Amino acid sequence: MVARGLGKTYRVADKQPGLGGTLRHFLRRRHRDVPAVTDVSFTIQPGEIVGFLGPNGAGKTTTLKMLTGLIHPTAGSATVAGYTPHRRQRGFLTAITLVMGQKQQLIWDLPPLDSLRVNAAVYGLDDSEAKRRIDELAEMLELGEELTRPVRKLSLGQRMKAELMAALLHRPAVLFLDEPSLGLDVNAQARVRQFLVDYNRRTGATVLLTSHYMADITALCPRVLLIHGGRLFYDGRLARLSERLAPWRQVRLELAQPLPAETFHPYGELESLDGAAVRLLIPRQQLTEAVARLLNELPVLDLEVSDPPIEELIGRLFRKGVVA
Amino acid sequence: MNRRWPRALAPELARGLRIARVLLVTQYAYMLEYRAEIALWALSGVLPFIMLGVWSAALTGGGGAAGLGLGLSQAELARYFLGAFIARQFTVVWVVWAFEEDSVAGRLSPYLLQPLQPLWRYVAAHLAEQATRLPFVVVIAALFFLQQPAAFALPSPARLLLALPAIWMAFAIHFLLQSLIAILCFWSERAQALERLLFIPYLFLSGLVAPLAAFPPGVRQVAFLTPFPYMIGFPAQLLAGLEVPIASSFAAMAGWIALLLPLTALAWRAGVRRYTAMGG
């Protein structure tokens, strides 16, 4: 997969508020060009699993859509599995798949097996081959009698796994996954993650994945692409990136009574303060000591340590200009 | 003639037939989930029967059907409206609503990423819905004859053989016309408002509210320049066993399909180009 100087600029209507603005807009429409993605270049080798990170609105989905052929780039070019995506030739469409968290391709009122049969026919799999692949995927995803239950009766996690089955039945060589674990509970997230690792190992498929969950990225992606404001800021090993990101851990506190903001400066960086609820970012190497001091010195009712959401870490990174 | 092309085409044909079979079976299963709703839709299509009541009342006061220039007996008029009801039941098209719902819900992108023209899914859904309607239509027709025993007559096998392709072609014309409007969704998300514009001439010129013979000659001449009279009137007349120019009507329908098919394909291509330019 190769992207060379890939860019997308949207034309949006520019309208001032109020009646005057509306009339002016009606008579003389004005447009503004808004760049969503600018000059993005990278190469992904067959079989690689790459994480695609960036805050909301950074251009992740636009880039994925350009690589799947759903959006025509306004600059640069892309080659995926040997094809130009936006031509959407049949060879290309059978070589790729796109899984978008909440967009379902399963027929709501029928069991997943019916949708799988349709996909098998569309991708030209004969009955015995389709059955073999359905059995294999069902085993990997731990789906059984759920496949004969109407989709609307399935839990979110079961539905997501059935979506993955439908998206992978034709055994695509390139997977684009946009938030594949969004909304799933921790167990279901872990199972989907394990499945993706197994699938990649078994088929040698290339995977490009976006996720809000740091755990997805650390478990799956040795390499990450970091995009912000439509530009690619980082392309490299996750280990090197997490040296910059991971020194921070998030500590949530619930106090017996509200305290002024200055109180928390000696312990770490104050992220938010809402009455008695406090969120701090504390360097990893000082974590044990800082937590012990917090418990000793402040009226703490509850304390929770977690990885900060990836968006927040990346946001900090950009605010501090570490990457730029 | 190149003798190799049929062989190259055979796997494509087999693939197409398999997709058609699986889509039809799946969509039929889906429609059966909604059989109660579909029965209500079939019942709500009784406009021709209401029109029959209106016309019958007008005829008893106006010196009979011949007196109004229809050239039909009361029984023939009843059979015509039953034919119109049946033709309407198997040519109902709702692709513009389904397409709009799918594009608003974001289901269009996954469809566009599969190696199958998305409109085929809607064709299969319509055909499956017609199969679900069939038993309700038979029951309603039987009740109609019980109520109007004088009008009872089954079409001759020859007429039935002609009426079937006429209904399918009428469905094809209606489907293509509405697909053209549905494709406008790529430009404006509320394309179904335009469907209303199509519905008015369809209602009056198709023969749904009155046989075309009831219209003044000028209106009739204009009507036959449009596809509408072939969408209900022609198959209804075939089913009712009435006199109707068969060859020229089939030729006109074939002509409309030959015109609308490439037009829909072109519009689709332009629509997808627009969709991919605007951001999917």
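Residues numbered from 1 in each chain as written. Chains lettered and ligands numbered in written order. Predicted model: local features only at pLDDT ≥ 70, side-chain atom pairs only at ≥ 80, totals over all residues. Heavy atoms only, no water.

### As for the interface of chain A and chain B
Each side of the interface is counted separately: chain A has 33 residues, and chain B has 30 residues. Both faces considered, chain A and chain B share a buried interface measuring about 2,800 Å² in area, 57% of it formed by carbon and sulfur atoms. If you look at where chain A meets chain B, you find three salt bridges. The shortest N-O distance in the salt bridge between Asp-127 of chain A and Arg-18 of chain B comes to 2.9 Å. Where chain A touches chain B, the interface holds eleven residue pairs in polar contact (both at pLDDT 80 or more). Those elements that provide at least two residues to the side of chain A that touches chain B are β1 (2–13), α2 (60–68), α3 (90–95), β5 (96–100) and α4 (112–122) of chain A. When residues in the side of chain A that touches chain B are grouped by element, the largest group, seven residues, is from α4 of chain A. (Contact = heavy atoms within 4.5 Å. Buried area = accessible area lost by both parts, 1.4 Å probe. Salt bridge = Lys/Arg side-chain N within 4 Å of Asp/Glu carboxyl O. Polar contact = N/O pair within 3.5 Å; in protein donor to acceptor, adjacent residues only side chain to side chain. Helix = DSSP H or I, 4+ residues; strand = E, 2+ residues; numbered from the N terminus.)

### Focus: the environment of Leu-147 of chain A
Residues and elements named next belong to chain A. Along the chain, the position of Leu-147 falls in the loop between α5 (127–141) and α6 (156–168). Residue class for Leu-147 comes out buried when judged on its relative accessible area of 6%. On a C-alpha basis, the gap between Leu-147 and Leu-113 in space is 5.4 Å, while along the polypeptide they are 34 residues apart. Contacts of Leu-147, omitting those with residues within four sequence positions, involve Pro-111, Pro-112, Leu-113, Leu-116, Ile-134, Ala-138 and Met-165. (Buried < 20%, exposed > 50% of the residue type's maximum accessible area, 1.4 Å probe, protein only.)

### Concerning the pattern of salt bridges
Pairing between side chains of opposite charge can happen when the charged atoms of each approach one another. Residues and elements named next belong to chain A. Evaluation of the coordinates by the stated rule reveals 22 salt bridges over all chains. Arg-133 is paired through a salt bridge with Glu-129; the nearest N and O atoms lie 2.8 Å apart. Separated by four residues within a single helix, Arg-133 and Glu-129 lie in helix α5, roughly one turn from each other.

### Some details on the packing of aromatic side chains
All names here are of chain B. Counting across every chain of the model gives 17 aromatic pairs over all chains. Between Phe-99 and Tyr-122 the ring centres are 5.9 Å apart and the planes differ by 70°, which places this aromatic pair in the edge-to-face class. Residue Phe-99 is found in helix α6 (residues 95–104), and its partner Tyr-122 is found in helix α8 (residues 119–147); the two are separated by 23 residues along the sequence. Judged on exposure class, the residue Phe-99 and its partner Tyr-122 are both buried. Through successive ring pairs, a cluster of aromatic residues spans Phe-49, Phe-85, Phe-144, Phe-145 and Phe-152. Here Arg-196 stacks its cationic end above the ring of Phe-199, 5.3 Å away from the centre of that ring. (Phe/Tyr/Trp six-rings, centres within 6.5 Å; stacked < 30°, edge-to-face > 60°. Lys NZ or Arg CZ within 6 Å of the ring centre and 35° of its normal.)

### Re the pairing of strand β11 (residues 269–274) of chain A
All names here are of chain A. Pairing between β11 and strand β12 (residues 277–283): five bridges, direction antiparallel. Bridged to Glu-269 within β12 is Leu-281. Two successive antiparallel strands, β11 and β12, enclose a turn made up of two residues, where Gly-275 displays a positive phi of approximately 65°. (Pairing = 2+ DSSP bridges.)

### So, α2 of chain A
All names here are of chain A. Among the nine residues in α2, eight count as buried, and that is most of the element. Those residues of α2 that sit buried are Lys-60, Thr-62, Thr-63, Leu-64, Lys-65, Met-66, Leu-67 and Thr-68. Immediately downstream of α2, the backbone of Gly-69 shows phi near 90°, a positive value.

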